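Spelled out, the chains give:
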Amino acid sequence: MMRFFSGQHTIGILGGGQLGKMLLNITRQWDIRTKVMDPSDQSPCKISCNQFVQANLMDYDAVIKFGEDLDILTIEIENVNTDALLVLENQGVRVYPQAAILKIIQNKCRQKEFYIKNKIPTASYQLFESKELLKDAVARGFVSFPFVWKSESMGYDGYGVKIVRSNQDLENINEGACMAEDLVSIDKELGVIVCRSYKGETQTYPCVEMEFHPEANQVEYVLSPARISKPIAEKARKVALSVSKAFKHVGLLAVELFLTKEGEILVNEVAPRPHNSGHYSIEASYTSQF
């Protein structure tokens, strides 16, 4: 029994922010060895892990070197080098979430196409390879205001997402590949966190309601349970489980959902890691998301 709590296995975490720090609070209690990589020497995880490496998370060589001596490698942020993770998987490192899944999720356009392919309900959208092509589509009447602009990559905590209501708004979006998503009639924004083991066993946390800051577009309040009927909560749970089943991920999958005013449940996006919508579980649940 002592070997279980004081094992020699090392878990690596790519990203050393607040989510990593919360995870380390648990690994310290269980005496699990940890190694963290983050680009900042002011990383919140720096003082809590057994070993800290300062390096760019998108640096292929740095990620390979970081992961070679690990037993398990996980993330607390999606923007990491997935090509390196694929190589580490082939070398026998257990990478959760799996690299191929992460490669889909970290690209919003690819993620959206995945939902359509797997018949998962989501808002209608159009993809564009550049800002100029999107502007041309608006000028030609193929895209109408208002719509939601989402950057293809590097979107995180509200970055890379804007509601575009005018040509002035359109001028202010970033360059690069993107999507124009229909602005749906949202009643509430919901979240369901699915936990999935490597054997395919699944459990879910209760459906929560999220309130976002109107400008920062970040979760400001999480209400649990959500102020919705039991049938709607069960519908949201089933949609979240269908997303988890399609990805076949290992670990956590936070599924962000729209409840429309017409009563539809649509998938907005997912995060394959601990999530702000699950922080309440630290005090509210016997087993928290961490």
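Analysis parameters
Residues numbered from 1 in each chain as written. Predicted model: local features only at pLDDT ≥ 70, side-chain atom pairs only at ≥ 80, totals over all residues. Heavy atoms only, no water. Axes fitted to C-alpha atoms, helices over the stretch in contact; angles between N-to-C directions. Helix = DSSP H or I, 4+ residues; strand = E, 2+ residues; numbered from the N terminus. Left-handed = near helix turned anticlockwise from the far one by under 90°. Contact = heavy atoms within 4.5 Å. Nonpolar A, V, L, I, M, F, W, Y, C, P; charged D, E, K, R; others polar. Salt bridge = Lys/Arg side-chain N within 4 Å of Asp/Glu carboxyl O. Buried < 20%, exposed > 50% of the residue type's maximum accessible area, 1.4 Å probe, protein only. Pairing = 2+ DSSP bridges. Phe/Tyr/Trp six-rings, centres within 6.5 Å; stacked < 30°, edge-to-face > 60°. Lys NZ or Arg CZ within 6 Å of the ring centre and 35° of its normal. Polar contact = N/O pair within 3.5 Å; in protein donor to acceptor, adjacent residues only side chain to side chain.

Undergrad: Just to check I follow, could you spell out the packing of helix H3 (residues 60-67) against helix H4 (residues 82-90) for this structure?
TA: Describing two packed helices takes the angle between their axes plus the distance from one axis to the other. Two elements in contact, H3 and H4, have axes separated by 8 Å at closest approach and are oriented at 30 degrees. Pair H3 / H4 crosses with right-handed handedness. Facing H3, whose interface residues are Tyr60, Val63, Ile64 and Gly67, H4 presents Asp83, Ala84, Leu85, Val87 and Leu88. Class assignment for the residues of the contact of H3 with H4 results in seven nonpolar, one polar and one charged.

Undergrad: Before we go on, may I ask you to explain the pattern of salt bridges in this structure?
TA: Pairs can form between side chains of opposite charge whenever their charged atoms are close. In the structure shown here, the tally under the stated rule is 13 salt bridges. A salt bridge links Asp69 to Lys35, with the nearest nitrogen and oxygen atoms 3.0 Å apart. Here Lys35 lies in strand E2 (residues 33-38) and Asp69 lies in the loop between H3 and strand E4 (72-75), a separation of 34 residues in the sequence. When its relative accessible area of 5% is taken as the criterion, Lys35 is described as buried. Here Glu269 ties to Lys108 by a salt bridge, and the two come within 3.5 Å at their closest N and O atoms. In this pair, Glu269 sits in strand E15 (residues 265-271) while Lys108 sits in helix H6 (residues 108-117), placing the two residues 161 residues apart along the sequence.

Undergrad: Sorry, what's going on with the sheet that holds strand E1 (residues 10-14) here?
TA: Hydrogen bonds between backbone groups are what pair the strands of a sheet, and the pairing can be parallel or antiparallel. If you walk across this open sheet you meet the five strands as E3-E2-E1-E4-E5, and the pairing is parallel. The sheet is open, and its two edges are formed by strand E3 (51-54) and strand E5 (94-95), each paired on a single side. With two bridges joining them, E4 and E5 adopt parallel strand pairing. Directly across from Ile72, in E5, lies its bridge partner Arg94.

Undergrad: Hey, could you run me through the packing of aromatic side chains in this one?
TA: Each aromatic ring pair is described using two quantities: the centre-to-centre distance and the angle formed by the ring planes. Tallied over the entire structure, the rule returns three aromatic pairs. With a centroid separation of 4.1 Å and 10 degrees between ring planes, the pair formed by Phe114 and Phe247 is classed as stacked. With Phe114 in helix H6 and Phe247 in helix H9 (residues 230-247), the pair connects residues that are 133 residues apart, well separated along the chain. Looking at Phe114, the relative accessible area reads 12%, which means it is buried. A relative accessible area of 6% places Phe247 in the buried class. Ring pairs connect the aromatic residues Phe114, Tyr115 and Phe247, which therefore count as one cluster. Here Lys35 stacks its cationic end above the ring of Phe66, 5.0 Å away from the centre of that ring.

Undergrad: Is there a simple way to explain H6 in this structure?
TA: Residues three or four positions apart in an α-helix share a direction because the helix packs 3.6 residues into each turn. Of all the positions in H6, only Lys108, Cys109, Gln111, Lys112, Phe114 and Tyr115 are classed as buried. For H6, the side-chain oxygen to backbone nitrogen distance between the N-cap and Cys109 is 3.0 Å, and the N-cap itself is Asn107. Downstream of H6 by a residue or two, Lys119 has a phi angle that is positive, lying close to 55 degrees.

These results come straight from atomic positions and should not be treated as a statement about function.
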